[in-house]
Amino acid sequence: MLQTQTTAKTEEQLQADKAQPIKARTRGLKLWYGDTQVLFDVDIDILQNRVTAFIGPSGCGKSTLLRCFNRMNDLVDNVRIEGGVEVDGQDINDPSLDVVLLRSRIGMVFQHPNPFPKSIYENIAYAPRIHGLVNGRREMDDLVERSLRRAGLWDEVADRLDTPGTALSGGQQQRLCIARAIAVGPELILMDEPASALDPIATAKIEDLITELRDNYTIAIVTHNLQQAARVADYTAFMYMGELVEYNDTNTLFTNPREKRTEDYATGRYG
Ligand SMILES: Nc1ncnc2c1ncn2[C@@H]1O[C@H](COP(=O)(O)OP(=O)(O)OP(=O)(O)O)[C@@H](O)[C@H]1O
């Protein structure tokens, strides 16, 4: 078994989760890059206000699956997608859908922090301004402060909002990117290995933040780090060669997997 601590949900919590709305889901999702198929009939439900982790060996399709939820794969040449992807019951591959609007509703945080080459303040203010989400400077100041507070960064940057976001430490930059994602009030936040470029202390802060954000947001996270999935995720999906092998509450997936492939991965037999 996995040499890590997972906290089992109580029977009441598991029952309560059954009533939790589905924020996003895929049905029969298949994806090809050119002639190579990398996702095979993936069916997954992402529960609202829960953290869902995608784990699996390198190249199994975790990031590709994550990117299906905001149509980031559209930016890749020769990509072909079949099957359904819904966010809040809406088919996001509907050709009439405004992709820019979609991406503004779904935040994304990448492996390497990527603040804009602008001030800390502007990093947060930019998207709400172009989407017309606030009226006037005072509302914007409030939004910037609220977003930075939610991302656990306010106390560290309140006196230097005019300095460049790129001058912050790596961990601070990543929290700035999370604050930037939060500022537009996203329905879903996608995180692609958000802590893998950070040291253990900065990683712990990101993990604490993910746990706090769960009350207000729905989070899907790709991670290579099984302990991290065990610490932050309510639900975990194990993928292998483009298939969703097993999906369950995190404790059950790690302590009582149904599939031998899941058990082998969780116990480090391959990876
Ligand atoms: N833009 C692309 N064009 C062609 N093939 C791609 C592209 N992006 C990913 N792939 C291939 O698709 C497969 C799945 O990649 P993906 O990045 O989704 O896996 P992953 O599980 O996230 O891997 P890792 O853990 O190494 O990041 C891999 O074989 C990869 O080489």
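Residues numbered from 1 in each chain as written. Predicted model: local features only at pLDDT ≥ 70, side-chain atom pairs only at ≥ 80, totals over all residues.

## Focus: the nonpolar core
- The biggest cluster of nonpolar side chains holds 67 residues, and the ones touching the most others in it are Phe54, Phe69, Ala179, Leu190, Ile219, Ala220 and Ile221.
- It is helix 7 (residues 170-183) that contributes the most residues to this core, seven residues altogether.
- In contact with Phe69, other than residues within four places in its own chain, are Ala24, Val85, Val87, Ile106, Leu188, Leu190 and Ala220. (Core = buried A, V, L, I, M, F, W, Y, C linked by C-beta atoms within 7 Å. Buried ≥ 20, exposed ≤ 12 C-beta atoms within 10 Å, placed from the backbone. Helix = DSSP H or I, 4+ residues; strand = E, 2+ residues; numbered from the N terminus. Contact = placed C-beta atoms within 7 Å.)

## So, the sheet that holds strand 4 (residues 79-87)
- The antiparallel open sheet is built from four strands, whose spatial order is 2-1-4-5. Among the strands making up the open sheet, the edge pair consists of strand 2 (36-47) and strand 5 (90-91).
- Of the pairings in the sheet, the one linking strand 4 to strand 5 comprises two bridges and is antiparallel in character. For Val87, the partnering residue across the bridge sits in strand 5 and is Gln90. (Pairing = 2+ DSSP bridges.)

## Some words on the environment of Val42
- Relative to the assigned elements, Val42 resides in strand 2.
- The class for Val42 is buried, based on 23 C-beta atoms found within 10 Å.
- Along the backbone, Val42 and Asp17 are 25 residues apart, and their C-alpha atoms lie at a distance of 21 Å.
- With residues up to four places along the chain from it excluded, the contact list for Val42 reads Thr26, Leu29, Leu65 and Leu244.

## A few points about the UniProt feature "domain: ABC transporter" (unreviewed entry) in the protein
- Cross-referencing UniProt, the feature "domain: ABC transporter" (unreviewed entry) maps to residues 24-266 in the present numbering.
- For residues 24-266, helix accounts for 38% and strand for 26%, while the C-alpha atoms at its two ends are 26 Å apart. (UniProt positions renumbered as here; feature names shortened; annotations may be inferred.)

## Focus: the sheet that holds strand 6 (residues 106-109)
- On the basis of which strands lie adjacent, the open sheet formed by six strands has the order 6-7-8-3-9-10 and mixed pairing. Each edge of the open sheet carries a strand with a single partner, namely strand 6 and strand 10 (243-249). Across this sheet, the average inter-strand angle for adjacent strands is 15°, counted without regard to direction.
- Summarising the sheet, strand 3 (residues 51-55) and strand 9 (residues 235-240) pair through four bridges and their orientation is parallel. Looking at strand 9, one finds that Ile55 is bridged to Phe238.
- Running over the sheet, helix 7 touches strand 6 and strand 7 (188-192) and is turned about 175° from strand 6. (Axes fitted to C-alpha atoms, helices over the stretch in contact; angles between N-to-C directions.)

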